[in-house]
Amino acid sequence: MAALPSYAQALGHGIHAIDTGFHRPLFDAAYLVVENGHAAFVDTGTNHALPRLLGTLAALGLAPEDVDFVVPTHVHLDHAGGVGLLMQHLPRATAWVHPRGVRHMVDPSALVAGATAVYGEAEMEKSYGRIVGVPAERVRETADHMTIELAGRPLTFLDTPGHARHHHAVWDERSRGFFTGDTFGLSYREFDTERGPWLLPTTTPVQFEPGPLRATVRRLLSYRPDSIYLTHYGRIGDVQRLGAELIEQLEAMVALGRALRDAPDRHEAIKRGLMQQYQARVAAHGCRFTPDEVERLLAMDTELNAQGMGIWLDKEAA
């Protein structure tokens, strides 16, 4: 067995975080779970992550034939854009997908069209590559409370709406941890202090629903997990504190959005309000970033969160 490459980190319990290289270091993770010579990927990043996914597998002394499962937490392209291409290299694997996301994994044309409309073809190729589907016969639907076994290791799916309706989380009893995709927010390692991690909710267009997201976070907390494995980014502990803070921030976002529902420059006003919240919370957490540095690190998330909030506000008013 070779040493792990620099972009991979062993987290214990046979779990490995792989930095997919999307956008910036330590921004987007895929996870490789290994049990008794068998493996599963949870989230994959984009097509450009393929060499890192296969490289980590090889460094652990495993072959592509040893991968049983590929599990995207949901079908957003930073989590699942590379599933189809990866599956072409894993002859025995099946893809386990939320039932609302199955059609998009088999035929990603609608996902690609929507993303291309936002980013343009050049940026799509640069950031995501050419998205390919998964043959229907290799896709399996999950259901709430369904359990699959990786060489005897149970992995249980929970339906976790709020960020997206096609989202599930994966409970790993072995590590007492959840792979949460985006439902437990974002926590970038740059914001770690002696108090531990800091995190923020993520809305992202087009299916943000505060009520279901609040219920999802509380449901995850009810398992008393030791760890959360975030796609953005890595393993975090102190889960009960962070969950309470996540719900508190969610309530502040809802209040901000409703206060600005009819503002003439609503999108920009929401962005300003969110950034002010983040800057204040980061400072209270003990980070030494200047407000400008916080804005630089969180500019993209703020834009996407404001878009998601705008779509939610319009649906709520309809």
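Our subject is the structure listed above.
The text that follows walks through the structure, step by step, so that each part is easy to find. Here the residue numbers are simple positions, counted from 1 along each chain's written sequence. It should be noted that, the model being predicted, local features are given only for residues of pLDDT at least 70 and side-chain atom pairs only at 80 or more, the latter also being counted only at that level, while totals for whole chains, interfaces and linings use all residues. The basis for the side-chain values is all heavy atoms of the structure; hydrogens and waters are excluded.

**Things to note about the overall build of the protein**
Next up, step 1: Check the secondary structure of the protein and you find ten helices and 13 strands.
Next up, step 2: Taking 2.2 N^0.38 as the reference for a compact globule, 318 residues should give roughly 20 Å; the C-alpha atoms of the protein span a radius of gyration of 19 Å, in line with that estimate.
Next up, step 3: Taken along the three principal axes of its C-alpha coordinates, the protein extends 55 × 45 × 35 Å.
Next up, step 4: The buried label applies to any residue whose accessible area, calculated with a 1.4 Å probe on protein chains only, is under 20% of its type's maximum; exposed applies above 50%, and partly exposed to all values in between. Counting every position in the protein, which comprises 318 residues, the buried fraction comes to 56%.
Next up, step 5: Only heavy atoms enter the contact rule, under which two residues are in contact if any of them lie within 4.5 Å. For the protein, long-range pairs separated by at least 24 residues make up 70% of all intrachain contacts whose partners lie at least 6 apart in sequence.
Next up, step 6: Each accessible area is a Shrake-Rupley result for a 1.4 Å probe, and residues are judged covered by the shown protein chains and nothing else. Counting every atom, the protein has about 12900 Å² of accessible surface; 53% of that belongs to carbon and sulfur. Strands are runs of DSSP state E lasting at least two residues, helices are runs of H or I lasting at least four, and both sets are numbered from the N terminus onward. Values of the radius of gyration come from C-alpha atoms, whereas the globule rule sets the reference at 2.2 Å times the count of residues to the power 0.38.

**Overview of the pattern of salt bridges**
Next up, step 1: Between Lys or Arg on one side and Asp or Glu on the other, a salt bridge is scored when a side-chain nitrogen of the former is within 4 Å of a carboxyl oxygen of the latter. Using the criterion set out here, one finds 20 salt bridges in the structure.
Next up, step 2: The shortest N-O distance in the salt bridge between Glu190 and Arg24 comes to 3.3 Å. In this pair, Glu190 is assigned in the loop between β11 (177-181) and α7 (210-222) and Arg24 in the loop between β2 (15-19) and β3 (29-35), connecting sequence segments 166 residues apart.
Next up, step 3: Judged by relative accessible area, Glu190 falls into the partly exposed class, the value being 29%.
Next up, step 4: Measuring nitrogen to oxygen at the nearest pair gives 3.1 Å for the salt bridge that ties Asp265 to Arg272.
Next up, step 5: Here Arg272 falls in the partly exposed class, since its relative accessible area comes to 45%.
Next up, step 6: One continuous salt-bridge network, built from bridges that share partners, spans Glu35, Arg153, Asp172 and Arg174.

**Focus on the environment of His145**
Next up, step 1: Within the secondary structure, His145 sits in the loop between β7 (139-141) and β8 (147-150).
Next up, step 2: In contact with His145, not counting residues within four places along its chain, are Thr156, Phe157, Arg219 and Tyr223.

**Some thoughts on the sheet that holds strand β1 (residues 8-10)**
Next up, step 1: Here, any two strands with at least 2 DSSP bridges between them count as paired. As summarised here, the arrangement of the seven strands in space is β1-β2-β3-β4-β5-β6-β7, forming an open sheet in which the pairing is mixed. Because the sheet does not close on itself, it has two edges, and the strands there are β1 and β7. Each neighbouring strand pair of the sheet contributes to a mean axis angle of 25°, computed without reference to strand direction. Axes, fitted as lines to C-alpha atoms, cover a helix only where it is in contact. Angles between the N-to-C directions of the axes lie from 0 to 180 degrees.

**Points about the sheet that holds strand β12 (residues 227-230)**
Next up, step 1: Strand order in this open sheet of six strands is β8-β9-β10-β11-β12-β13, and the pairing throughout is mixed. Every interior strand has two partners, whereas the edge strands, β8 and β13 (234-236), have only one. Mean inter-strand twist for the sheet, computed between neighbouring axes without regard to direction, equals 25°.
Next up, step 2: The sheet contact formed by strand β10 (residues 168-172) and β11 spans three bridges and is antiparallel. In the sheet register, Trp171 faces β11, and the bridge partner there is Phe178.

**Describing the pairing of strand β9 (residues 153-159)**
Next up, step 1: The element β9 is extensively covered by neighbouring structure, given that five of its seven residues are classed as buried.
Next up, step 2: Both β8 and β9 contribute to a ladder of four bridges, which runs antiparallel. Across the sheet, residue Thr147 finds its bridge partner in β9, namely Thr156.
Next up, step 3: Where β8 folds back onto β9 in an antiparallel hairpin, the turn is made up of two residues, including Ala151, whose phi is positive at roughly 50°.
Next up, step 4: Strand direction decides the pairing type here: β9 and β10, joined by five bridges, are antiparallel. By the bridge assignment, Leu155 is partnered in β10 with Asp172.

**With respect to helix α1 (residues 50-59)**
Next up, step 1: Taken together, the buried positions of α1 are Leu50, Leu53, Thr56, Leu57 and Ala59.
Next up, step 2: In this structure, the buried residues of α1 make contact with β1, β2, β3, β4 (38-42), β5 (67-71) and α3 (83-87).
Next up, step 3: With its phi angle positive at about 75°, Gly61 sits one or two positions after the end of α1.

**Focus on the nonpolar core**
Next up, step 1: Residues Leu32, Phe41, Phe184, Phe191, Leu274 and Leu298 are the most contacted members of the largest nonpolar core, which totals 77 residues.
Next up, step 2: With eight residues, helix α8 (residues 239-259) is the single largest residue contributor to this core.
Next up, step 3: With residues up to four places along the chain from it excluded, the contact list for Leu298 reads Tyr188, Phe191, Trp198, Leu200, Met275 and Tyr278.
Next up, step 4: Residues enter a nonpolar core if they are buried and are Ala, Val, Leu, Ile, Met, Phe, Trp, Tyr or Cys, with the set joined through side-chain atoms within 4.5 Å. Leu11, Ala29, Trp96 and Leu155 belong to the second-largest nonpolar core, a separate cluster that totals 19 residues.

**A word on the packing of α8 against helix α10 (residues 291-317)**
Next up, step 1: Put simply, α8 and α10 touch, their axes get as near as 10 Å, and they point 65° apart. Crossing of α8 over α10 shows right-handed handedness. Touching Met253, Val254, Gly257 and Arg258 of α8 are Asn305, Met309, Trp312, Leu313 and Glu316, all from α10.
Next up, step 2: Gly is placed with the polar residues, together with every amino acid not listed as nonpolar (Ala, Val, Leu, Ile, Met, Phe, Trp, Tyr, Cys and Pro) or charged (Asp, Glu, Lys and Arg). When grouped by side-chain class, the residues that make up the contact of α8 with α10 number five nonpolar, two polar and two charged. Note on convention: the crossing is left-handed when the near helix lies turned anticlockwise from the far helix by less than a right angle, right-handed when the turn is clockwise.

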